[in-house]
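A structural walkthrough
Here's the letter readout for the chains.
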Amino acid sequence: MNTVLSRANSLFAFSLSVMAALTFGCFITTAFKDRSVPVDISVSRVMLKNVDDFTGPRERSDLGFVTFDISAHLQPIFDWNVKQLFLYLSAEYSTKSNALNQVVLWDKIVLRGESTKLSLRDMKSKYFFFDDGNGLRANKNITLTLSWNVVPNAGILPLVTGSGHKSIPFPDSYETTKSY
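Residues numbered from 1 in each chain as written. Predicted model: local features only at pLDDT ≥ 70, side-chain atom pairs only at ≥ 80, totals over all residues. Heavy atoms only, no water.

Oppositely charged side chains are able to pair whenever their charged atoms sit close together. Applying the stated criterion across every chain yields a total of 5 salt bridges. Here Asp-79 ties to Arg-35 by a salt bridge, and the two come within 3.4 Å at their closest N and O atoms. In this pair, Asp-79 sits in the loop between strand S2 (60-73) and strand S3 (82-93) while Arg-35 sits in the loop between helix H1 (4-30) and strand S1 (39-52), placing the two residues 44 residues apart along the sequence. Assigned by exposure class, Asp-79 and Arg-35 land together as buried. Two residues, Asp-52 and Arg-60, come together in a salt bridge whose shortest N-O distance is 2.9 Å. Residues joined by salt bridges that share partners form a network here, namely Lys-33, Arg-35 and Asp-79. (Salt bridge = Lys/Arg side-chain N within 4 Å of Asp/Glu carboxyl O. Helix = DSSP H or I, 4+ residues; strand = E, 2+ residues; numbered from the N terminus. Buried < 20%, exposed > 50% of the residue type's maximum accessible area, 1.4 Å probe, protein only.)

We now examine the domain arrangement of the chain. On domain assignment, one finds that the chain holds domain 1 (1-32) and domain 2 (33-168). Averaged C-alpha coordinates put domain 1 and domain 2 at centres separated by 41 Å. If you look at the interface, domain 1 gives 7 residues, while domain 2 gives 9 residues. When the area that domain 1 buries against domain 2 is broken down by residue, the three leading residues are Cys-26, Phe-27 and Thr-30, summing to 72%. Joining domain 1 to domain 2, the criterion identifies 0 salt bridges. A class-by-class count of the residues in the side of domain 1 that touches domain 2 yields 4 nonpolar, 3 polar and no charged. (Domains from an automatic or database assignment. Contact = heavy atoms within 4.5 Å. Buried area = accessible area lost by both parts, 1.4 Å probe. Nonpolar A, V, L, I, M, F, W, Y, C, P; charged D, E, K, R; others polar.)

One open sheet accounts for 4 strands, arranged S4-S3-S7-S8; its pairing is antiparallel. Looking at strand neighbours, the two that pair on one side only are strand S4 (101-111) and strand S8 (159-168), the edges of this open sheet. Taken pair by pair, the neighbouring strands of this sheet meet at an average axis angle of 20 degrees, ignoring direction. (Pairing = 2+ DSSP bridges. Axes fitted to C-alpha atoms, helices over the stretch in contact; angles between N-to-C directions.)

Time to look at the UniProt feature "transmembrane region" (unreviewed entry) in the chain. Residues annotated in UniProt with the feature "transmembrane region" (unreviewed entry) correspond here to residues 12-32. Across residues 12-32, helical content stands at 90% and strand content at 0%; the span's end C-alpha atoms are separated by 32 Å. (UniProt positions renumbered as here; feature names shortened; annotations may be inferred.)

Turning our attention to the environment of Val-82. Position of Val-82 among the secondary structure elements: in strand S3. A sequence separation of 48 residues divides Val-82 from Phe-130, and the C-alpha atoms of the two residues are 33 Å apart. Excluding residues that lie within four positions of it along the chain, Val-82 makes contacts with Arg-35, Ile-77, Arg-112, Val-150, Val-151, Pro-152 and Asn-153.

This paragraph deals with the layout of surface pockets. Considered as a void within the structure, the largest pocket measures approximately 160 Å³ in volume. Forming the boundary of the largest pocket are 16 residues, of which Thr-30, Ala-31, Arg-35, Ile-156 and Pro-158 lie nearest the centre. Those elements giving two or more residues to the lining of the largest pocket turn out to be H1 and strand S7 (142-152). Split into classes, the residues belonging to the lining of the largest pocket amount to 9 nonpolar, 4 polar and 3 charged. (1 Å grid on protein atoms, 1.4 Å probe; cavity = no way out; pocket = protein on both sides within 12 Å on 5 of 7 lines; lining within 4 Å. Points joined across faces, edges and corners; volume = space filled by probe spheres on them.)

Set out below in structure tokens:
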């Protein structure tokens, strides 16, 4: 006859198997859902400075400042398997020294239950927009894109890019004022 420990082990193993099957079922019901929504990005101000870069070989580097507006309705992304969204605005551009540069300018976490209507006005970059040289000056094709990671209760962590981006030109000259 089976001992109490043997029966407890069988019950525990069966419970884990059932929970694993339910978790996989939770994942598969939302795995193929399209999580892209339209995003409206507008830029109201772009400023460029040439500053000392203390992280490298003591050369001057471009430092960009961007003031932007973001509008998006994130409700279609949320379902019962979404715990939170990690939103971030990134700038993508190319220079002579690098074919692809990507810089995160701003981020935000939206939890389930919070307002899903994103309407931000006159936002400034949260992080420095440094170039590793002078690639921002007179660069006419810097693309701002809002992307997000969907943090689920069960399953994979998809990376989604919003269906709307904004290309902005940077000025030909440096700003000399002290304010932003």
